[in-house]
Amino acid sequence: MPVIAFANSKGGVGKSTTALALAQAVAHKGAAVTLIDADPNQPLARWAGKDPERIPANLSVLPGVTEESIVEAIDSAAARDPFVLVDLEGSANLAVSYAIGRADLVVVPMRGSQLDADQAARVIALIGREARAYRRAIPYVVVYTCTSPALRGRDFQHIGRLLGENGVPVLAVEMIERAAFRAMIQLGGTLYDLKDTEVHNPQAAIDNAEALASAIVAFMTDGAAAPEGVPA
């Protein structure tokens, strides 16, 4: 515990990058983390295979998880490690439903576009159905990804207003568009291994990942880190 699932029925919204950055930040603080790769494209498994020696001993990746094995995989990992992060396929299927049913928190990554918002709404509706089926509350929070603090277009602001009007919680920390996040996926290893000679300002990405981890922990504790709408 906790089990955190990353879900959005649209691909390319940064689910895997967000899950991986969070896992690295948590592991760097000393907690054991299991990353469950339930995406058929296996992005986390590919990352882990690029440079296994640079993966922290307290961070493990469980590849090849399917709808037949996901419940057992989550339960086994949760019995062993304090953090279990589940990266789900970018479509609605039984594996996504099962993982949401097991989750202590569902993180819904999305870019600031109407298309992403529409697909995020589908995931939020699915969370509601699973909550009714399991007869328990399933907390969720939207995380904006690939953002630029200096650029806030009209569509981004409009989406933020809609989320606020509908009471959708949005994490106060965004995943900023940074070269270090891309390099982490491309080169293997962790953000903490990247050097200034390899990518511009890796420390900024580390700070972003650690702020994300702190905000998610705060949200799971009391929800205080999740105002409605667009973060200030």
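That block above? That's the structure.
Since the structure is predicted, the reported quantities are computational estimates derived from the model, not experimental observations.

**Some thoughts on the overall build of the protein**
Thinking step 1. Scanning the protein for helices and strands turns up eight helices and seven strands.
Thinking step 2. A compact globule built from 232 residues would reach a C-alpha radius of gyration of about 17 Å, and the protein, at 16 Å, matches this within 12%.
Thinking step 3. Overall, the C-alpha framework of the protein stretches about 45 × 45 × 30 Å when taken along its three principal axes.
Thinking step 4. By the burial criterion, 51% of the 232 residues in the protein qualify as buried.

**As for the pattern of salt bridges**
Thinking step 1. Evaluation of the coordinates by the stated rule reveals four salt bridges.
Thinking step 2. One salt bridge connects Asp 75 with Arg 102, and the closest N-O pair in it is separated by 2.8 Å. Of this pair, Asp 75 sits in helix α3 (residues 70–80) while Arg 102 sits in helix α4 (residues 94–102), and the two are 27 residues apart along the sequence.
Thinking step 3. Taking relative accessible area as the criterion, Asp 75 reaches 36% and is therefore assigned partly exposed.
Thinking step 4. Residue class for Arg 102 comes out partly exposed when judged on its relative accessible area of 31%.
Thinking step 5. Among the ionic pairs, Arg 80 bridges to Asp 81, the shortest N-O distance being 3.6 Å.
Thinking step 6. Classification of Arg 80 as exposed rests on a relative accessible area of 52%.

**A closer look at the packing of α4 against helix α5 (residues 114–134)**
Thinking step 1. Following both chains from N to C, one finds α4 and α5 inclined at 60°, their axes separated by 9 Å at the closest point. Relative to α5, the element α4 lies oblique. You can see that α4 and α5 cross each other, and the crossing is right-handed. For the pair α4 and α5, the contacting residues are Val 96, Ser 97, Ile 100, Gly 101 and Arg 102 in the first and Leu 126, Ile 127, Glu 130 and Tyr 134 in the second.
Thinking step 2. Here the contact of α4 with α5 is built from residues that sort into five nonpolar, two polar and two charged.

**Digging into the nonpolar core**
Thinking step 1. Among the nonpolar cores identified, the biggest contains 42 residues, and Leu 22, Leu 171 and Leu 191 are the most heavily contacted of them.
Thinking step 2. Within the second largest apolar cluster, 37 residues are counted, among which are Ala 77, Ala 95, Leu 126 and Ala 131.

**Concerning the layout of surface pockets**
Thinking step 1. Of the voids in this model, the largest pocket is the one considered here, and its volume is about 470 Å³.
Thinking step 2. Lining the largest pocket are 27 residues, with Gly 14, Lys 15, Ser 16, Thr 17 and Ile 185 positioned closest to its centre.
Thinking step 3. Secondary structure elements with two or more residues in the lining of the largest pocket: α1 (15–28), α2 (43–50), β6 (140–147), β7 (175–176) and α7 (179–187).
Thinking step 4. The residue inventory of the lining of the largest pocket, partitioned by class, reads nine nonpolar, nine polar and nine charged.

**Regarding the pairing of strand β2 (residues 33–38)**
Thinking step 1. With six of six residues buried, β2 is to be regarded as a mostly interior element.
Thinking step 2. Alternating residues of β2 divide into Val 33, Leu 35 and Asp 37 and Thr 34, Ile 36 and Ala 38, and every residue in both groups is buried.
Thinking step 3. Here β2 pairs with strand β3 (residues 59–62) via four bridges, running parallel. The residue of β3 that forms the bridge with Leu 35 is Val 61.
Thinking step 4. As paired elements, β2 and strand β4 (residues 83–88) share six bridges and run parallel to each other. When the bridges of β4 are listed, Ile 36 appears paired with Val 86.

Scoring rules and cut-offs
Residues numbered from 1 in each chain as written. Predicted model: local features only at pLDDT ≥ 70, side-chain atom pairs only at ≥ 80, totals over all residues. Heavy atoms only, no water. Helix = DSSP H or I, 4+ residues; strand = E, 2+ residues; numbered from the N terminus. Rg over C-alpha atoms; globule rule 2.2 N^0.38 Å. Buried < 20%, exposed > 50% of the residue type's maximum accessible area, 1.4 Å probe, protein only. Salt bridge = Lys/Arg side-chain N within 4 Å of Asp/Glu carboxyl O. Axes fitted to C-alpha atoms, helices over the stretch in contact; angles between N-to-C directions. Parallel < 35°, antiparallel > 145°, perpendicular 65-115°, else oblique. Left-handed = near helix turned anticlockwise from the far one by under 90°. Contact = heavy atoms within 4.5 Å. Nonpolar A, V, L, I, M, F, W, Y, C, P; charged D, E, K, R; others polar. Core = buried A, V, L, I, M, F, W, Y, C linked by side-chain atoms within 4.5 Å. 1 Å grid on protein atoms, 1.4 Å probe; cavity = no way out; pocket = protein on both sides within 12 Å on 5 of 7 lines; lining within 4 Å. Points joined across faces, edges and corners; volume = space filled by probe spheres on them. Pairing = 2+ DSSP bridges.

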